[in-house]
2 protein chains.
Amino acid sequence: MPGKKYSEQHRVVYYDTDLTGRLNVGKLGDILMLVSNDQSNDLGVSLQNMKKAGLGWVVTQHVLTVDRMPRVGEELTITTQATSYNRYFCYRDFFVQDQSGKQVAKMHSVFVMMDLKQRKMVRLVDEFINPYSADYTTKIERLPQPQMQGEVTEHNERTYRVRYTDIDINRHVNNIHYIDWMVDALDKDFLSQHDLVSLNIVYKKEVAYGDTVHSQVAKNGLVTYHEIINDDAISCVAECHWQPVKED
Amino acid sequence: MPGKKYSEQHRVVYYDTDLTGRLNVGKLGDILMLVSNDQSNDLGVSLQNMKKAGLGWVVTQHVLTVDRMPRVGEELTITTQATSYNRYFCYRDFFVQDQSGKQVAKMHSVFVMMDLKQRKMVRLVDEFINPYSADYTTKIERLPQPQMQGEVTEHNERTYRVRYTDIDINRHVNNIHYIDWMVDALDKDFLSQHDLVSLNIVYKKEVAYGDTVHSQVAKNGLVTYHEIINDDAISCVAECHWQPVKED
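Definitions and cut-offs
- Residues numbered from 1 in each chain as written.
- Chains lettered and ligands numbered in written order.
- Predicted model: local features only at pLDDT ≥ 70, side-chain atom pairs only at ≥ 80, totals over all residues.
- Heavy atoms only, no water.
- Helix = DSSP H or I, 4+ residues; strand = E, 2+ residues; numbered from the N terminus.
- Contact = heavy atoms within 4.5 Å.
- Buried < 20%, exposed > 50% of the residue type's maximum accessible area, 1.4 Å probe, protein only.
- Pairing = 2+ DSSP bridges.
- Domains from an automatic or database assignment.
- Buried area = accessible area lost by both parts, 1.4 Å probe.
- Salt bridge = Lys/Arg side-chain N within 4 Å of Asp/Glu carboxyl O.
- Polar contact = N/O pair within 3.5 Å; in protein donor to acceptor, adjacent residues only side chain to side chain.
- Least-squares fit on C-alpha atoms with pLDDT ≥ 70 in both.
- Expected span 1.5 Å × (residues − 1).
- UniProt positions renumbered as here; feature names shortened; annotations may be inferred.

**Some details on the environment of A:V217**
Residues and elements named next belong to chain A. Relative to the helices and strands, V217 resides in strand β10 (residues 212-220). Considering only alpha carbons, one finds V217 and H155, 62 residues apart in sequence, at a separation of 5.7 Å. The residues touching V217, leaving out its near neighbours within four places in the chain, are E154, H155, N156, A185, L186, T224, Y225 and H226.

Here it is as structure tokens:
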């Protein structure tokens with residue numbers, strides 16, 4: 001049986017949305033991460049308790065599917081559940097429903113446990129895993145990896161210096177901000193005229209305050225492939241699928 | 001008698017805060033603007049209704065005083081009230097209280113009405129002013145203007161390209177993002193070791209998507225003076241006062 005479910009509400013407010021009034025994808029990511037955080041607190045395995053043990057969670061992959069990007073003023077219900085885990089990886093699902101109970105988005109995420117001092121991945125520690133009641137499995141999921149699909153017809157690159165407000169309480173760059181850099185590398189006309197259908201993002205290497213990163217995008221019609229480059233190393237890659245905006 | 005009061009709650013969550021766990025000042029601004037927006041909707045004078053009449057609100061000045069910057073996890077009560085207005089200017093107060101009812105911050109703001117087509121300030125329109133029940137006055141407030149105090153001992157400048165996520169549903173740069181640019185021009189050590197005591201910000205000229213702005217800061221001890229420069233014109237100025245962080 002998969003683990004305990006946890007739900008909470010979120011109202012989409014103007015500063016969560018873009019110029020079209022739709023929720024920003026980065027903001028959606030922030031909200032989902034908050035809900036999993038809140039579940040951890042609810043189960044007594046807060047980040048503070050983990051920190052005391054010298055441990056922290058790191059996301060290695062998010063696979064997001066969007067049926068309809070919520071709009072300003074909507075009341076969302078977000079549900080999360082740790083589904084299964086093996087020696088090193090935890091798998092977690094997120095479901096986003098609108099007021100009528102219809103699913104508007106879902107996400108599947110992979111988390112690993114990190115030794116905060118050595119900045120190295122460690123075997124999952126029972127004390128911090130058991131409260132979620134997820135299934136233990138020997139299986140390691142083989143999720144699709146982001147890749148460029150087909151021929152590249154357009155390229156773009158933008159540069160970002162990591163800002164003070166990009167750093168969170170864990171003193172590293174909030175991993176959702178990579179999504180903002182990726183999205184912003186696309187142009188305004190494309191973004192305002194297209195809806196995100198899916199995002200598959202894989203994190204490879206941390207970025208620090210003051211670093212300068214390059215957000216590169218290659219486009220083939222409605223598919224975009226993204227890389228965040230820091231000091232000639234790839235920090236993060238993603239594949240996005242888009243569709244033309246459907247008028248309400 | 002000053003106008004109707006309106007209150008709502010806000011929980012400070014991790015993505016509202018900086019690496020010290022304190023609420024970001026730009027985020028505090030976003031939250032306060034949301035509350036005044038919600039009051040307008042509650043009174044039936046929503047931005048949508050104003051837009052139909054070709055009108056919108058523009059902020060010209062915020063004077064923020066911080067007693068204690070709230071921390072992650074706190075439940076805040078935010079109250080707003082349109083206090084008075086004259087032919088062209090509306091004055092509004094904001095109060096932020098913590099769970100024990102103690103005030104942690106307050107803000108006084110000046111709004112003008114804009115003709116959206118001509119991008120010009122117009123005389124306040126009764127239909128959109130009366131519902132707030134603020135006092136009419138012939139007086140124009142003389143609020144202090146931001147200025148450099150004393151001798152400049154340090155200078156810094158950073159450059160920002162206006163991003164897709166900086167643009168809001170009104171299709172111009174969310175004016176709170178100017179505060180983010182101002183704050184980020186200060187260095188991380190100063191920001192993490194100092195608390196904001198006050199911010200006085202005056203908006204002079206709009207910034208558009210794709211513009212490159214320069215955030216300049218001059219410092220004299222615990223006072224900082226900020227300018228946002230766009231195409232050699234000053235878009236925005238601010239004066240901030242700080243104090244060393246008091247340990248909890």
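We are not done yet, so read on.
**Structural notes on the pairing of strand β9 (residues 194-203) of chain B**
All names here are of chain B. Among the 10 residues in β9, nine count as buried, and that is most of the element. Relative to β9, strand β2 (residues 55-66) is paired through five bridges, and the arrangement is antiparallel. Bridging across to β9, Q61 finds its partner in V202. As judged from the nine bridges shared by β9 and strand β12 (residues 233-244), these two strands associate in the antiparallel manner.

**Side note on helix α4 (residues 177-184) of chain B**
The buried fraction of α4(B) is high, at seven of eight residues. Within α4(B) the residues assigned to the buried category are B:H177, B:Y178, B:I179, B:W181, B:M182, B:V183 and B:D184.

**Considering the domain arrangement of chain A**
Residues and elements named next belong to chain A. Domain boundaries assigned for chain A yield domain 1 (1-143) and domain 2 (144-248). Placing the centre of domain 1 and that of domain 2 at their C-alpha centroids yields a distance of 20 Å. Each partner contributes to the roughly 1900 Å² buried at the junction of domain 1 and domain 2, and carbon and sulfur atoms together form 51% of this total. Linking domain 1 with domain 2 are two salt bridges. The interface formed by domain 1 and domain 2 includes 12 residue pairs in polar contact (both at pLDDT 80 or more). Breaking the side of domain 1 that touches domain 2 down by element, the ones donating at least two residues are α1 (25-42), α2 (47-52) and β2 (55-66).

**Here's the deal with the pattern of salt bridges**
Considering all chains together, one arrives at 18 salt bridges over all chains under this definition. Residues A:D195 and A:R22 are paired through a salt bridge, measuring 2.1 Å at the closest nitrogen-oxygen approach. On the criterion of sequence distance, the pair formed by A:D195 in strand β9 (residues 194-203) and A:R22 in the loop between β1 (5-11) and α1 is long-range, its members being 173 residues apart. Relative accessible area serves as the criterion here: at 7%, A:R22 is assigned to the buried category. For A:R68, the salt bridge is made with A:E74, and the minimal N-O distance between the two is 2.9 Å. When its relative accessible area of 16% is taken as the criterion, A:E74 is described as buried. Bridged by salt links that share partners, the residues A:E8, A:D38 and B:R11 form one connected network.

**Overview of the relation of the copies chain B and chain A**
Turning chain B through 180° and shifting it by 0.0 Å along the axis lays it on chain A, with an RMSD of 0.0 Å. Read as a symmetry element, the transformation amounts to a two-fold axis. For chain B, the residue whose C-alpha comes nearest the rotation axis is B:Y160, separated from it by 4.4 Å. When you check the interface residues of chain B against chain A, 100% turn up at the interface there too, and the contact is symmetric in its surfaces.

**A short note on α1(A)**
Think of an α-helix as 3.6 residues a turn; residues three or four steps apart then line up on the same face. Residue and element names in this part refer to chain A. In this model α1 runs 26 Å from its N-terminal to its C-terminal C-alpha over 18 residues, within 8% of the 26 Å that 1.5 Å per residue would give. Counting buried residues along α1, 16 of its 18 residues qualify, which places the element largely inside the surrounding structure. In the segment just after α1, G44 is the residue with positive phi, at about 80°.

**Looking at the UniProt feature "domain: Acyl-ACP thioesterase N-terminal hotdog" (unreviewed entry) in chain A**
As recorded in UniProt, the sites labelled "domain: Acyl-ACP thioesterase N-terminal hotdog" (unreviewed entry) are residues 3-132 of chain A. The span residues 3-132 of chain A carries 22% helix and 42% strand; its end-to-end C-alpha distance comes to 6 Å.

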